[in-house]
Amino acid sequence: PGTSEEVTPPLQQSFMIPKKEINMVSDMAKWKRSQAYADYMGFILTLNEGVRGKKLTCEYKVSEVGEAFGFPCFSFSAFFCCLFVGFFLALQYFLGEERPIEKLVALLNTLDRWIDETPPVDQPSRFGNKAFRTWYAKLDQEAEKLVATVIPKHLADAAPEVAVYLKESVGNSTRIDYGTGHEAAFAAFLCCLCKIGVLRVDDQMAIVFKVFNRYLEVMRKLQKTYRMEPAGSQGVWGLDDFQFLPFIWGSSQLIDHPNLEPRHFVDEKVVNENHKDFMFLECILFITEMKTGPFAEHSNQLWNISAVPSWSKVNQGLIRMYKAECLEKFPVIQHFKFGSLLPIQPVTS
């Protein structure tokens, strides 16, 4: 607000601190009709297509100039804003600044370093180490500054809004737990960065393979270091205690693979030889490291999925399951926050 002599985008974005809007089960209909749901799901599906048939280790382009991120239901105001933002991002590149993807990886490296600096404390309880609260307090304090390192200066007003999703993405500091709702907050964080033009259309593979994969590494380290509880876990009947999205994107990576079929992911030798190339197998490896006993007993849903004939069918089924078991479940979505970038207002045609 107010008159500024600085150059600003022609369509002035009014940012806000995201807040909860889903307070009772009957509010879920509002969520499913919202622009936030359409944009979030469009973002997930765009990335799903972007990584199809690609290895984690493959080469891919990281954009250097701004382009609007074209996932379904992307609002026109964000689109025009992104075109304008592109000029500034190009300018930053020619001035020799790091690209946003690299800045995001650096941000996650900082979170990783803080874990090393905050060792678990001795306590009677085996699970939920209270040192996590110390680690989280640092993120809570520094989140806006961290986000400000990723976004250009003329978008500085977006930092408080976007930072909320980063803070929500690492687990709950009261319960010392982590689940698919926290994972969704990180996807929402990345979606917001796309909507303001920081991440672009060419970045699809880099978003999943560099940024999201690094996020997963940090979350696994958090889960192991502080013995975090699974949030809202369905136990043996759930897909996984902590994650869901890497199974979706990971199954997309394996579509039309010449040798690896769904039945192979329960083979320890296959997992050990291929996990560095495929996110799905990396998830299986982590499960087998964390759990004991027969795979069919501790991960029954995944065991059942190994009988599906093709990765394409696995991928389609997991997307349906994600909507039903995560995005349409009140205990998960009641914690989701809505702002100007992911609004609760109904989809505008």
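Residues numbered from 1 in each chain as written. Predicted model: local features only at pLDDT ≥ 70, side-chain atom pairs only at ≥ 80, totals over all residues. Heavy atoms only, no water.

Where an unreviewed UniProt entry is consulted, the protein appears under the name Serine/threonine-protein phosphatase 2A activator, with the organism given as Tauraco erythrolophus. Within the UniProt record for the protein, the comment given under Catalytic activity (unreviewed entry) is "[protein]-peptidylproline (omega=180) = [protein]-peptidylproline (omega=0)". Regarding the protein, the relevant UniProt record gives this comment under Sequence similarities (unreviewed entry): "Belongs to the PTPA-type PPIase family." (UniProt positions renumbered as here; feature names shortened; annotations may be inferred.)

K.L.:
Quick one: what's the story with helix H4 (residues 100-117), residue by residue and with numbers?
P.N.:
End to end, H4 covers 26 Å across 18 residues, agreeing with the expected 26 Å (1.5 Å per residue, within 8%). Along H4, the residues that are buried comprise Pro100, Ile101, Lys103, Leu104, Val105, Leu107, Leu108, Thr110, Leu111, Asp112, Trp114 and Ile115. (Helix = DSSP H or I, 4+ residues; strand = E, 2+ residues; numbered from the N terminus. Expected span 1.5 Å × (residues − 1). Buried < 20%, exposed > 50% of the residue type's maximum accessible area, 1.4 Å probe, protein only.)

K.L.:
How would you sum up helix H9 (residues 245-253)? Please name residues and give values.
P.N.:
Most of H9 is tucked away, with nine of its nine residues classed as buried. Three or more residues of H9 are buried, namely Leu245, Pro246, Phe247, Ile248, Trp249, Gly250, Ser251, Ser252 and Gln253.

K.L.:
For the pattern of salt bridges, give the residues involved together with the corresponding values.
P.N.:
Applying the stated rule across the entire model yields 17 salt bridges. A salt bridge links glutamate 117 to arginine 113, with the nearest nitrogen and oxygen atoms 3.2 Å apart. Placement of the pair is glutamate 117 and arginine 113 together in helix H4, with a separation of four residues, close to one helical turn. By relative accessible area, which is 46% here, glutamate 117 ends up partly exposed. Lysine 329 is paired through a salt bridge with glutamate 325; the nearest N and O atoms lie 3.8 Å apart. One salt-bridge network, held together by shared partners, links Asp112, Asp116, Arg214, Glu217 and Lys221. (Salt bridge = Lys/Arg side-chain N within 4 Å of Asp/Glu carboxyl O.)

K.L.:
An account of the packing of aromatic side chains is needed here, citing residue identities and associated values.
P.N.:
One pass over the full model with this rule turns up 20 aromatic pairs. Seen from their ring centres, tryptophan 31 and tyrosine 37 are 5.1 Å apart, and the 90 degrees between their planes marks the pair as edge-to-face. Summarising the burial analysis for this pair, tryptophan 31 and tyrosine 37 share the class buried. Both rings, one in phenylalanine 132 and one in tyrosine 136, keep their centres 6.2 Å apart while their planes meet at 40 degrees; by these two values the pair is tilted. Taken as a pair, phenylalanine 132 and tyrosine 136 lie in helix H5 (residues 131-148) at a separation of four residues, close to a single helical turn. Take tyrosine 136: its relative accessible area is 14%, and that puts it in the buried class. Here the aromatic cluster, defined as three or more aromatic residues joined through ring pairs, consists of Trp31, Tyr37, Tyr40, Tyr165, Phe336 and Phe338. The lysine or arginine in question, arginine 220, covers the ring of phenylalanine 286, its NZ or CZ lying 5.4 Å from the ring centre. (Phe/Tyr/Trp six-rings, centres within 6.5 Å; stacked < 30°, edge-to-face > 60°. Lys NZ or Arg CZ within 6 Å of the ring centre and 35° of its normal.)

K.L.:
With reference to specific residues and values, describe the packing of helix H8 (residues 204-225) against H9.
P.N.:
For the pair H8 and H9, interaxial distance at closest approach is 12 Å and the crossing angle is 145 degrees. Judged by the sense of rotation from one axis to the other, the crossing of H8 with H9 is left-handed. Here Val208, Phe209, Phe212 and Leu216 of H8 lie close against H9, whose contacting residues are Leu245, Pro246, Trp249 and Gln253. Its residues assigned to classes, the contact of H8 with H9 comprises seven nonpolar, one polar and no charged. (Axes fitted to C-alpha atoms, helices over the stretch in contact; angles between N-to-C directions. Left-handed = near helix turned anticlockwise from the far one by under 90°. Contact = heavy atoms within 4.5 Å. Nonpolar A, V, L, I, M, F, W, Y, C, P; charged D, E, K, R; others polar.)

K.L.:
Let's hear about unusual backbone geometry: which residues, and what values?
P.N.:
For residues that are not glycine, phi is negative in most cases, and the peptide bond is trans in most cases. Even without being glycine, arginine 227 reaches a positive phi, approximately 45 degrees. With respect to the helices and strands, the residue arginine 227 is situated in the loop between H8 and strand E3 (229-230).

K.L.:
Hey, could you go over the environment of glycine 317 for me, with residue numbers and the actual values?
P.N.:
Summarising the element assignment, glycine 317 is placed in helix H14 (residues 311-327). Residue glycine 317 is classed as partly exposed on the basis of its relative accessible area, which comes to 22%. For the pair glycine 317 and isoleucine 248, spaced 69 residues apart in sequence, the C-alpha separation works out to 9.0 Å.

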